[in-house]
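What the coordinates show
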Amino acid sequence: QQQVKQSPQSLIVQKGGISIINCAYENTAFDYFPWYQQFPGKGPALLIAIRPDVSEKKEGRFTISFNKSAKQFSLHIMDSQPGDSATYFCAAVYSGAGSYQLTFGKGTKLSVIP
Amino acid sequence: NAGVTQTPKFQVLKTGQSMTLQCAQDMNHNSMYWYRQDPGMGLRLIYYSASEGTTDKGEVPNGYNVSRLNKREFSLRLESAAPSQTSVYFCASSGPQRGAGNIQYFGAGTRLSVL
């Protein structure tokens, strides 16, 4: 059972455009929602994260929008650049059990073309 | 500052062979994790260790064993490798960050092919 569904699987955006990646979750116990960025041949690295008591978080060109009632959250990349080309994973965490297991979406491969 | 170090970076095994993937972190983190990454499947948790001395199964533990050797090191063992275990394996660690959620730091991965 996939607990975090991510779409689209791949995305091609023109330089300067807006990239939007969507995720939906099922478990209402999740209490932390990070996004990871992975470049080819590298491990994932935390990009930005949000807690469910906040509807939006912005860091530079990256914004997370969070809709608790719909159990959905999305990543917006403004003014997308070729250097943003990477695979992006949304994730959800339940921290109540004392261990912080990440449940990942299946990833979105973003290509930003000049 | 090394962060999370995985060895080896690449490995080719024959079916039935065994091997151990090594992982070490220098961030004094309590928790460590092993994931596998397959095309179109995202990252799936194999095993994790919430703290030194404890290990627990994740989503896909079959065919693997782990050892939390000490606070720094967490190894993953394939006793009898199968072609289905061809994958990229990532180790991650996280520290206690109350009130800030959990941030996992990943190594660069081990690319394993089982023939």
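Structure: above.
Here's a quick rundown of the structure. Everything numeric here is computed off the predicted structure, so don't read it as measured data. The residue count restarts for each chain, going from 1 along the sequence in the order it is written. The naming scheme follows written order: chains are lettered A onward, ligands numbered 1 onward. Selection of residues for local features in this predicted model requires a pLDDT of at least 70, selection of side-chain atom pairs for listing and counting requires 80 or more, and totals for whole chains, interfaces and linings are taken over all residues. Only heavy atoms go into the side-chain values, all of them from the structure, while hydrogens and water stay out.

Across its full length, chain A carries zero helices and 11 strands. The helix and strand labels rest on DSSP assignments: H or I over at least four residues marks a helix, E over at least two residues marks a strand, and numbering proceeds from the N terminus. Secondary structure elements of chain A, listed N to C terminal, follow the sequence β-β-β-β-β-β-β-β-β-β-β. In terms of overall dimensions, chain A has C-alpha extents of about 45 × 30 × 25 Å along its principal axes. When accessible area is computed with a 1.4 Å probe and restricted to protein chains, residues below 20% of their type maximum are described as buried, those above 50% as exposed, and intermediate ones as partly exposed. Per-residue burial over chain A gives 44% buried out of 114 residues. Contact criterion: two residues are considered in contact whenever any of their non-hydrogen atoms come within 4.5 Å of each other. Taking the contacts inside chain A whose residues are at least 6 apart along the sequence as the reference set, 53% of them involve residues at least 24 apart. Per-residue and other accessible areas were derived by the Shrake-Rupley procedure at a 1.4 Å probe size, with only the shown protein chains allowed to occlude residues. When the accessible surface of chain A is summed, it comes to about 5,500 Å², and 49% of that surface belongs to carbon and sulfur atoms. The distance from the centre of the 11 positive side-chain charges to the centre of the 7 negative ones in chain A is 6 Å. Here Asp and Glu are counted as negative and Lys and Arg as positive; His is not counted, and neither are the chain ends. Charge coordinates come from a single atom per side chain, which is NZ of Lys, CZ of Arg, CG of Asp or CD of Glu.

What follows deals with the state of the cysteines. All names here are of chain A. When two cysteine sulfur atoms are found within 2.5 Å, that pair is recorded as a disulfide. Considering all chains together, one arrives at two disulfides over all chains under this definition. In this model Cys23 forms its disulfide with Cys90; the gap between the sulfur atoms is 1.9 Å. With the S-S bond torsion at -95°, the cross-link from Cys23 to Cys90 turns out left-handed. Of this pair, Cys23 sits in strand S3 (residues 19-25) while Cys90 sits in strand S9 (residues 86-94), placing them 67 residues apart in sequence.

A separate point is the packing of aromatic side chains. Geometry of aromatic contacts follows a simple scheme: Phe, Tyr and Trp rings, the Trp one being its six-membered ring, pair when their centres are within 6.5 Å, and the pair is stacked under 30 degrees between planes, edge-to-face over 60, tilted otherwise. Applying the stated criterion across every chain, the model contains 19 aromatic pairs over all chains. Both rings, one in Phe90 of chain B and one in Phe106 of chain B, keep their centres 6.4 Å apart while their planes meet at 80°; by these two values the pair is edge-to-face. Of this pair, Phe90 of chain B sits in strand S9 (residues 87-94) while Phe106 of chain B sits in strand S10 (residues 105-106); the two residues are 16 residues apart in sequence, bridging distant segments of the chain. One exposure class covers both Phe90 of chain B and Phe106 of chain B, and it is buried. Put simply, the rings of Tyr36, Phe89 and Phe104 of chain A together with Tyr33, Tyr35, Tyr48, Phe90 and Phe106 of chain B touch in pairs and so form one group of aromatic residues.

Contacts between the two partners involve 19 residues from chain A, matched on the other side by 21 residues from chain B. The junction of chain A with chain B conceals about 1,700 Å² of combined surface from both sides, 58% of it contributed by carbon and sulfur atoms. Put simply, a salt bridge is a Lys or Arg side-chain nitrogen that is within 4 Å of an Asp or Glu carboxyl oxygen. Linking chain A with chain B are zero salt bridges. Here a polar contact means two N or O atoms within 3.5 Å. Within protein one must be a hydrogen donor candidate and the other an acceptor candidate, and residues neighboring in sequence count only if both atoms are side-chain atoms. Where chain A meets chain B, there are three residue pairs in polar contact (both at pLDDT 80 or more). Of all the elements, strand S10 (residues 101-104) of chain A adds the most residues to the side of chain A that touches chain B, at three residues. As used here, buried area is the combined drop in accessible area, with a 1.4 Å probe, of two parts when they are placed together.

What follows covers the sheet that holds strand S7 (residues 62-67) of chain A. All names here are of chain A. Strand order across the open sheet formed by five strands is S1-S3-S8-S7-S6, with antiparallel pairing between neighbours. With one partner strand each, in any of the chains shown, strand S1 (4-7) and strand S6 (56-59) form the two edges of the open sheet. For this sheet, the mean angle separating the axes of adjacent strands, direction not counted, is 15°. Between any two strands, at least two bridges found by DSSP are needed for them to pair. As paired strands, S3 and strand S8 (residues 72-77) are joined by six bridges and run antiparallel to one another. Paired with Cys23 across the two strands is Phe73, which belongs to S8. In this analysis, axes come from line fits to C-alpha atoms, helices being fitted only over the stretch in contact, and the angle between any two N-to-C directions falls in the range 0 to 180 degrees.

Residues and elements named next belong to chain A. Residues enter a patch when their relative accessible area is above 30% and they make no salt bridge; the linking distance is 9 Å between like charges and 5 Å between nonpolar side chains (Val, Leu, Ile, Met, Phe, Trp, Tyr). Side chains of Ile18, Ile20 and Met78 sit close together on the surface and give an oily, nonpolar patch of about 240 Å² of accessible area. Topologically, Met78 is positioned in the loop between S8 and S9. The class for Met78 is partly exposed, based on a relative accessible area of 35%.

Residues and elements named next belong to chain B. Considering the arrangement of structural elements, one finds Ser87 in strand S9. Polar side-chain contacts of Ser87 include one of 2.9 Å to the backbone oxygen of Gln37. Among all residues touching Ser87, those that are not within four sequence positions of it are Arg36, Gln37, Asp38, Thr110, Arg111 and Leu112.

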